[in-house]
Amino acid sequence: QVHLAESGGGLVQPGGSLRLSCAASGSIAIINSMAWHRQAPGKQRELVAKIFSNGSTNYAHSVKDRFTISRENAQNTMYLQMNSLKPEDTTVYYCNFAATPTGTVGLYNYWGQGTQVTVSS
């Protein structure tokens, strides 16, 4: 069984920085992609950033040049460095892996429980 756990959320002033982490537990054979999503109350969950197994990345237009996604393959861990934070970045952030557990076939989507980021003075 694969579980994801996020950490690093909190309260920060506008213009500040936070670093989110997402660590996977369980036995994973392949991670196809890792991503961060966010969802504000009453709104659809949106993709913030994604990193693929070949290292290529995608970012939402609203966070490009402010956020950086990275990964440590050996530890099945992913990070989101968030700089120049704005009040509109306030919401719950979720990590997501598309992965194949050891001893199985196919890709499965795994989600963390979410971590709150609040940007306010």
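For the structure itself, consult the block above.
Residues numbered from 1 in each chain as written. Predicted model: local features only at pLDDT ≥ 70, side-chain atom pairs only at ≥ 80, totals over all residues. Heavy atoms only, no water.

Caption draft 1: Seen up close, the pairing of strand 1 (residues 3-7). Here strand 1 shows one buried face, formed by Leu4 and Glu6, and one open face, formed by His3, Ala5 and Ser7. Here strand 1 pairs with strand 3 (residues 18-25) via five bridges, running antiparallel. When the sheet's bridge partners are listed, Ser7 is paired in strand 3 with Ser21. (Buried < 20%, exposed > 50% of the residue type's maximum accessible area, 1.4 Å probe, protein only. Helix = DSSP H or I, 4+ residues; strand = E, 2+ residues; numbered from the N terminus. Pairing = 2+ DSSP bridges.)

Caption draft 2: The arrangement of the environment of Asn32 in detail. Counting through the fold element by element, Asn32 comes out in strand 4 (residues 28-39). Taking relative accessible area as the criterion, Asn32 reaches 32% and is therefore assigned partly exposed. In this structure the C-alpha to C-alpha distance between Asn32 and Tyr108, which are 76 residues apart in sequence, comes to 9.6 Å. Ignoring any residue separated from it by four or fewer positions in sequence, one finds Asn32 in contact with Phe52, Ser53, Ala98 and Leu107. (Contact = heavy atoms within 4.5 Å.)

Caption draft 3: A look at the state of the cysteines. According to the stated counting rule, one finds one disulfide in the structure shown. Between Cys22 and Cys95 runs a disulfide, and the two sulfur atoms are separated by 2.1 Å. Judged by the sign of its S-S torsion, about 55 degrees, the cystine formed by Cys22 and Cys95 is right-handed. Highlighted residues: Cys22 in strand 3 and Cys95 in strand 9 (residues 91-101), separated in sequence by 73 residues. Each of the two residues, Cys22 as well as Cys95, counts as buried. (Disulfide = S-S within 2.5 Å.)

Caption draft 4: Just the nonpolar core, in detail. Ranked by size, the top nonpolar core spans 29 residues in total, and within it Trp36, Leu80, Met82 and Tyr93 carry the most contacts. Looking at this core, the elements that each hand over two or more residues are strand 3, strand 4, strand 5 (46-52), strand 7 (67-72), strand 8 (77-82), strand 9 and strand 11 (115-119). Leaving out residues up to four positions away in the same chain, Tyr93 has contacts with Glu6, Leu20, Trp36, His37, Arg38, Val48, Phe67, Leu80, Met82, Gly114, Thr115 and Val117. (Core = buried A, V, L, I, M, F, W, Y, C linked by side-chain atoms within 4.5 Å.)

Caption draft 5: Quick peek at the pattern of salt bridges. This model, assessed by the stated rule, comprises three salt bridges. Glu46 is the salt-bridge partner of Arg38, the closest N and O atoms lying 2.6 Å from each other. Connected through shared salt-bridge partners, Arg38, Glu46, Arg66 and Asp89 make up one network. (Salt bridge = Lys/Arg side-chain N within 4 Å of Asp/Glu carboxyl O.)

Caption draft 6: Summary view of the pairing of strand 8. With respect to burial, strand 8 is a largely interior element, five of its six residues being buried. With six bridges joining them, strand 3 and strand 8 adopt antiparallel strand pairing. Residue pairing for strand 8: Leu18 is matched across the bridge by Met82. Bridge analysis of strand 7 against strand 8 gives six bridges, and the strand direction is antiparallel. In the sheet register, Thr68 faces strand 8, and the bridge partner there is Gln81. Taking the residues that link successive antiparallel strands as the turn, the strand 7-strand 8 hairpin has four residues, and the phi of Asn76 there is positive, at about 50 degrees.

Function cannot be read off these values alone, since they describe shape.
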